[in-house]
Amino acid sequence: MPEIKLTNVTKRWGKFFAVDHLDLDIEDNAFITLLGPSGCGKTTTLRMIAGLETPTSGQIKIGDRVVFDSDAGINIPANKRKVGFLFQNYALWPNMTVYQNISFGLSNMKEEMPTYDFEAKKCIDMIEALKNPKEMAKIIEECRDKTGGIETEKVYLKFIDTYTISRYTAKELFSMGLHESGDLVKAAKAKSESLAQQLKEMKASHEAKGETLNEDCAVVKDGRVVTSVRKLTREEIDLSVRRVSRIVKIGMFMDRYPAELSGGQQQRVAIARTLAPEPQVLFMDEPLSNLDAKLRLEMRYELQRLHLETGSTFVYVTHDQMEAMTLATKICLINNGVLQQYDEPLIVYNRPNNLFVADFVGNPSINFMEAKGIQRTDGKLEMKVLGGAYQAVFTPNEKFDLSKWFDERDTEDKRKAKELEAIRKDKKAVEKGNKDEAFQYRIDKVMENDFGVHEEPVITNEDFVLGIRPECIKIKDKGSIDGEIFGEMPTGMESTIKIAVDNFLLTGVVFGNTLYQIGSQKKFDIEGTYILLFDRKSGRCISAGSVEISKC
């Protein structure tokens, strides 16, 4: 499967930038999730790669092939990019059976393909099946109904799955009537010898034309596989349909109509239809959003298995961060058309680039705690938190010079300011209407003081934000922080609790089936080595580490 490379890709409508100068490298056989809030540009990005949307500028490559380049005037249509697209709406034809829905696209394909001798392949498949006639007889006996009659459709299906053959070959295999023979082994041997003779004659016919057959029964001449522009034969179509139906486990539903299937079964049909043409890349736009919670969980496992079995590159759009975390090899998190972070799920969770990423990824959401302080000579930061009532000492996992970090931040901000100024001066450039604004993080409080007019605080280099994941809050009898249980949501395996510290609310996750009474007083500590330190001015993550909090 190919890798996908987006270089400086932009999509805008007027002054609205849906995707803003996106650079993205999607590796071969990756499972990438495009994650972000509604309207952030993730579906637009997906549609541009697939060819369903034309970028305003930039370049897109799939493998070694440039499928879009604004400067070179290249824009290969979607049907020529060899990609599969699974929509939020499954878009199954209601008047077609499952088999017809899957095979519909295959029957319309016409391109240069190898030339096969399907009669020879059929002989080889049947000879292989006849090597174990007792197994064939056993399969047929298992398909008898209550009256002793044979359910032929069931036999065909079992033959298809057991021997990996088409329905047409399965029918011919059954029509040999070996199960009605007195001497099963002798009859199978006779049939096998007859088929071997037919195969020998077919190969001789090819040799007379200066051709041979390779192991896949493709015609080879002068050392090369003979190709021609043609449509798929009914044998090829059936083999493809049966192949994908085995992958998604819907072989028994081939004669049903979509209305006779559950939501999960319909989705499997849509996936099978997308996989049937063997696309280079599979795109999925929130395919699980129409399913109930339990079925969504089951289908996540199915998609993981599907990714491993097919070896394809998956690009998956979702606004559900749990789906992104559990499915992806890498998460591409977008906000307002701008790439925020592109990393492995646990890196995004443990080391987010900024406050937005930290807030968006994680369920329950991360706790933010404003802090004010300075870096000590030993590299630790000494700060006041929770309204100044507590003192915190932050120990970074890796030593760093805070003053140097601030210098690099200011240099980067000046560079971006110059770029924006250059855009404003360039008459051809379009200024972004949906401007990028600093993320407004939320501090949970018992009583919100939103009355009256508040002046914006003056932010200095002594202002920080601590990011504390809910699992880092540990209730202990000898904890250093005094709190009151403000709310509790037990789920059996764990409980999500809200703890009030004066007027501040913190969310914690406590594992086990312990019940906490609302209003009860509890002590707790904040533990873990992935407490996050953010620069309040820029919102960027400075470091991860541990923190010790004590009352002033």
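Each remark here, short or long, concerns the structure printed above.
The rules behind each value
Residues numbered from 1 in each chain as written. Predicted model: local features only at pLDDT ≥ 70, side-chain atom pairs only at ≥ 80, totals over all residues. Heavy atoms only, no water. Helix = DSSP H or I, 4+ residues; strand = E, 2+ residues; numbered from the N terminus. Rg over C-alpha atoms; globule rule 2.2 N^0.38 Å. Buried < 20%, exposed > 50% of the residue type's maximum accessible area, 1.4 Å probe, protein only. Contact = heavy atoms within 4.5 Å. Lys, Arg positive; Asp, Glu negative; His and termini not counted. Charge placed at Lys NZ, Arg CZ, Asp CG, Glu CD. Axes fitted to C-alpha atoms, helices over the stretch in contact; angles between N-to-C directions. Parallel < 35°, antiparallel > 145°, perpendicular 65-115°, else oblique. Left-handed = near helix turned anticlockwise from the far one by under 90°. Nonpolar A, V, L, I, M, F, W, Y, C, P; charged D, E, K, R; others polar. Polar contact = N/O pair within 3.5 Å; in protein donor to acceptor, adjacent residues only side chain to side chain. Pairing = 2+ DSSP bridges.

Participant: Looking at this model, I keep getting lost on the overall build of the protein chain. Mind explaining?
Facilitator: Tallying secondary structure elements over the protein chain gives 14 helices and 27 strands in all. Over its C-alpha trace the protein chain gives a radius of gyration of 31 Å, far above what one expects of a compact globule, namely 24 Å for 552 residues. Buried positions account for 45% of the 552 residues belonging to the protein chain. In the protein chain, the share of contacts with a sequence separation of at least 24, taken over all contacts with a separation of at least 6, comes to 67%. A distance of 2 Å separates the average location of the 77 positive side-chain charges in the protein chain from that of its 84 negative side-chain charges.

Participant: What is the right way to look at the packing of helix α9 (residues 263-275) against helix α10 (residues 293-310) in this model?
Facilitator: One can describe the packing of α9 onto α10 by two numbers: an axis separation of 11 Å at closest approach and a directional angle of 20°. Classified by the angle their axes make, α9 and α10 are roughly parallel. Seen from above, α9 lies across α10 with right-handed handedness. On α10, the residues that touch G263, G264, Q267, R268, I271 and L275 of α9 are L295, M299, E302, L303, L306 and T310. Considered class by class, the residues forming the contact of α9 with α10 number six nonpolar, four polar and two charged.

Participant: Whenever I open this one, the environment of D285 confuses me. Can you help?
Facilitator: Counting through the fold element by element, D285 comes out in strand β13 (residues 281-285). Distance from D285 to L22, taken between C-alpha atoms, is 19 Å for residues 263 residues apart in sequence. The residues contacting D285, other than those within four sequence positions of it, are T43, L46, F85, L86, F87, Q88 and V317. Engagement of the side chain of D285 in a polar contact is seen with the side chain of T43, the distance being 3.3 Å.

Participant: Mind showing me how you'd approach the sheet that holds strand β21 (residues 473-475) here?
Facilitator: Each strand in a sheet pairs with its neighbour through backbone hydrogen bonds, running either in the same direction (parallel) or in the opposite one (antiparallel). Strands sit in the order β21-β25-β22-β23-β24 across an open sheet of five strands; the sheet is antiparallel. Only two strands of the sheet have a single neighbouring strand rather than two, namely β21 and β24 (504-511). Each strand axis lies, on average, 45° off the axis of its neighbour in the sheet, ignoring direction. Here strand β22 (residues 481-490) runs beside strand β25 (residues 521-526); their pairing, made up of four bridges, is antiparallel. Of the residues in β25, the one forming a bridge with I481 is F524.

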